[in-house]
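Working through the structure, step by step
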Amino acid sequence: MLIAQLTDLHIGAGRRLAYRKVDTAGALEKAVAHVMAMVPRPDVVLFTGDIGDLGSRDEYELVAEILTKLTIPYFMVPGNHDRRQPLRAAFPDATPVGADTGFVNYVVDDFPLRLIALDTLDEGKPGGVLGPEQLDWLRDVLLDGDGRDCAIFMHHPPIVTGIAHMDAQNLGEGAEELAAIVSVHRDRIKAIFCGHVHRPIHTIWAGVPLMIGPSVAHQVAFDLRADGPSAFVMEPPAMHLHVWDAGQHSLMTHLAYLDRYDGPHPFFGPDGKLIV
């Protein structure tokens, strides 16, 4: 099972450039083209938040237009730049929750690896929250008798990355309680996929691999100083490709760049000899 994780799109209405610099709509078009050209093609795409930049209907209409070329199943959770109701209205199939549900929490049971969506949005604020209702929902899902291996995907990471201005707005309330839940079920939870930080980061948290995906557009500047500025860089847009081997109960994550680069070039010539 191949899972493409695309995150932090930050699409602006009218193809507005993010921060007067970043062509985020063009970046999403390149990401979709890359995914659709892959051999083998991913089975599912997970969008881990910040689909829009301001959370407006016009932004999501542009995203939906671009995603008409993505013909494989995809699912979304909101990020801090999103707004729940416009996102759900634009993408009902990608946010499959009931009309009377307050959060975008749901389970995807259509694949060998069970996918659990967690909504960490604290609407109008940069940081993330998981309140008691959210945590109870997750406990119930993990105790519903399904028993299969699973992965959680959400926007805000519950860890300290060392990038100070991002750590100040990661998952706050509910992080310790989430760690306790994950630790109890760490034999079944094979990974946690996050976005938000705009950098590829990998660690073990509560006994489980946790991966933060790079943005498909712009990256947060890599700066581990305590007083490092809030800034972005135009490092290559990328995605994570998570490979689930159900037979081995193992998950592997690849970093895949989305721009086109020179190559591939062969190591060996037609005569089978190494090219030197």
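Residues numbered from 1 in each chain as written. Predicted model: local features only at pLDDT ≥ 70, side-chain atom pairs only at ≥ 80, totals over all residues. Heavy atoms only, no water.

Looking at an unreviewed UniProt entry, one finds the chain named Calcineurin-like phosphoesterase domain-containing protein, with Thalassospira permensis NBRC 106175 as its source organism.

A word on the pairing of strand S3 (residues 74-77)
In regular strands, side chains alternate between the two faces of the sheet. Definition in use: Should DSSP find at least two bridges between two strands, the strands are taken to pair. Every helix listed is a DSSP run of H or I at least four residues long, and every strand listed is a run of E at least two residues long, numbered separately from the N terminus. Crossover handedness is defined by viewing with both strands directed away from the observer: a clockwise path from the first strand over the helix to the second marks the crossover as right-handed.
As paired strands, strand S2 (residues 44-48) and S3 are joined by 4 bridges and run parallel to one another. When the sheet's bridge partners are listed, Phe47 is paired in S3 with Met76. Crossover handedness for the path S2 to helix H2 (residues 57-66) to S3: right-handed.

A look at the packing of aromatic side chains
Spelled out, the test is: Note on ring pairs: Phe, Tyr and Trp rings are taken, using the six-membered ring of Trp, and paired if centres are within 6.5 Å. Classes follow the plane angle, with under 30 degrees stacked, over 60 edge-to-face and the rest tilted. Burial classes: relative accessible area under 20% of the type maximum marks a residue as buried, over 50% as exposed, and values in between as partly exposed (1.4 Å probe, protein chains only).
According to the stated counting rule, one finds 6 aromatic pairs in the structure shown. Seen from their ring centres, Tyr106 and Phe153 are 6.1 Å apart, and the 75° between their planes marks the pair as edge-to-face. Of this pair, Tyr106 sits in strand S4 (residues 106-108) while Phe153 sits in strand S6 (residues 150-153), and the two are 47 residues apart along the sequence. Across the pair, Phe153 and Tyr106 agree in class, each one buried. Between Tyr257 and Tyr261 the ring centres are 6.5 Å apart and the planes differ by 75°, which places this aromatic pair in the edge-to-face class. Taken together, Phe75, Tyr106 and Phe153 form an aromatic cluster joined through their ring pairs.

Thoughts on the packing of helix H1 (residues 24-37) against H2
As a reminder, the rule being used: Axis angles are defined between N-to-C directions and span 0 to 180 degrees, where every axis is a line fitted to C-alpha atoms and, for a helix, only to the segment in contact. Roughly parallel refers to an angle under 35 degrees, roughly antiparallel to one over 145, roughly perpendicular to one between 65 and 115, and oblique to any angle outside these ranges. Helix crossings fall into two classes, left-handed where the near helix is turned counterclockwise from the far one by less than a right angle and right-handed where it is turned clockwise. When checking whether two residues touch, look at their non-hydrogen atoms; a contact exists if any pair is within 4.5 Å. The nonpolar class holds Ala, Val, Leu, Ile, Met, Phe, Trp, Tyr, Cys and Pro. Asp, Glu, Lys and Arg form the charged class, and all remaining residues, Gly among them, are polar.
Where H1 contacts H2, the axes come no closer than 10 Å and their chain directions differ by 30°. If you check the angle between H1 and H2, you find them roughly parallel. Handedness of the H1/H2 crossing: right-handed. Here Ala25, Leu28, Glu29 and Val32 of H1 come into contact with H2, specifically with Leu62, Val63 and Ile66. Each residue belonging to the contact of H1 with H2 can be placed in one class, and the counts come to 6 nonpolar, no polar and 1 charged.

Focus on the sheet that holds strand S13 (residues 250-257)
Strand pairing in a sheet relies on backbone hydrogen bonds, with the paired strands running either antiparallel or parallel. In spatial order, the strands read S3-S2-S1-S12-S13; together these 5 strands make up an open sheet with mixed pairing. Here the strands that pair on one side only, and so sit at the sheet edges, are S3 and S13. The average angle at which neighbouring strand axes cross in this sheet is 20°, direction not considered. Along the sheet, H1 makes contact with strand S1 (2-6), S2, strand S12 (238-245) and S13, crossing S1 at roughly 175°.

Let's talk about the sheet that holds strand S9 (residues 208-212)
Across the sheet, 6 strands lie side by side as S4-S5-S6-S7-S9-S8; this open sheet has mixed pairing. In the strand order of this sheet, the two ends are held by S4 and strand S8 (201-205), each with one partner. The mean angle between the axes of side-by-side strands here comes to 20°, regardless of whether they run parallel or antiparallel. With 3 bridges joining them, S4 and strand S5 (residues 114-117) adopt antiparallel strand pairing. Bridged to Val108 within S5 is Leu115. Along the sheet, helix H4 (residues 132-142) contacts S4, S5, S6 and strand S7 (189-194); its crossing angle with S5, the most-contacted strand, is approximately 170°.

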